[in-house]
Amino acid sequence: MLTDYLGGLSIAGGKLKETGTSHWLSPNTGATNETGFTALPSGTRYGMKIPSEDGNSGGWWSATGI
């Protein structure tokens, strides 16, 4: 629902992301932070492996009320 509300998969993430390259890797294309959420990159971790992709990705969980 949030993705749809923000205009679809191709642009929703940018509306949530911090602008600029202080935390995100350059060029951070499409980041507008229109929502004020200021999403920051967290990187990824697969199992016990060393975290990777710092500055390149972030992930958040969401839930739907029943």
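Note that the structure is predicted; figures quoted are calculated from it, not measured. (Residues numbered from 1 in each chain as written. Predicted model: local features only at pLDDT ≥ 70, side-chain atom pairs only at ≥ 80, totals over all residues. Heavy atoms only, no water.)

Draft legend 1. Geometry of the overall build of the protein. When you go through the protein residue by residue, the secondary structure sums to two helices and zero strands. The buried share of the protein, reckoned over its 66 residues, is 23%. Total accessible area computed for the protein in this model is approximately 5,300 Å², and 58% of it derives from carbon and sulfur atoms. (Helix = DSSP H or I, 4+ residues; strand = E, 2+ residues; numbered from the N terminus. Buried < 20%, exposed > 50% of the residue type's maximum accessible area, 1.4 Å probe, protein only. Areas by Shrake-Rupley, 256 points an atom, 1.4 Å probe, with all protein chains shown as cover.)

Draft legend 2. Molecular detail of the side chain of K17. Relative to the assigned elements, K17 resides in the segment after α2 (9-16). No salt bridge is formed by the buried K17; its nearest oppositely charged neighbour, E18, is found at 9.1 Å. In this structure K17 touches W24, N28, A31, T32, N33 and A39, once residues within four positions along its chain are discounted. (Lys, Arg positive; Asp, Glu negative; His and termini not counted. Salt bridge = Lys/Arg side-chain N within 4 Å of Asp/Glu carboxyl O. Contact = heavy atoms within 4.5 Å.)

Draft legend 3. The packing of aromatic side chains, seen in detail. Evaluated as defined, the whole model comprises zero aromatic pairs. When the ring centre of W24 is taken as reference, the NZ or CZ atom of K17 above it lies at 4.3 Å. (Phe/Tyr/Trp six-rings, centres within 6.5 Å; stacked < 30°, edge-to-face > 60°. Lys NZ or Arg CZ within 6 Å of the ring centre and 35° of its normal.)

Draft legend 4. Examining the layout of surface pockets more closely. The volume enclosed by the largest pocket comes to roughly 550 Å³. The wall of the largest pocket is formed by 18 residues, among which L2, T3, L16, W60 and S62 lie closest to the centre. Elements supplying a minimum of two residues to the lining of the largest pocket: α1 (2-5) and α2. Among the residues making up the lining of the largest pocket, the classes are represented as eleven nonpolar, six polar and one charged. (1 Å grid on protein atoms, 1.4 Å probe; cavity = no way out; pocket = protein on both sides within 12 Å on 5 of 7 lines; lining within 4 Å. Points joined across faces, edges and corners; volume = space filled by probe spheres on them. Nonpolar A, V, L, I, M, F, W, Y, C, P; charged D, E, K, R; others polar.)

Draft legend 5. Highlighting the environment of T38. With respect to the secondary-structure elements, T38 resides in the segment after α2. When its relative accessible area of 34% is taken as the criterion, T38 is described as partly exposed. Remark: the alpha-carbon pair of T38 and E18, spanning 20 residues in sequence, is separated by 4.4 Å. Excluding residues that lie within four positions of it along the chain, T38 makes contacts with L16, E18 and N33. Of note is the side chain of T38, whose polar atom sits 3.5 Å from the backbone oxygen of G36. (Polar contact = N/O pair within 3.5 Å; in protein donor to acceptor, adjacent residues only side chain to side chain.)

All quantities given are derived from atomic positions and should not be read as evidence of function.
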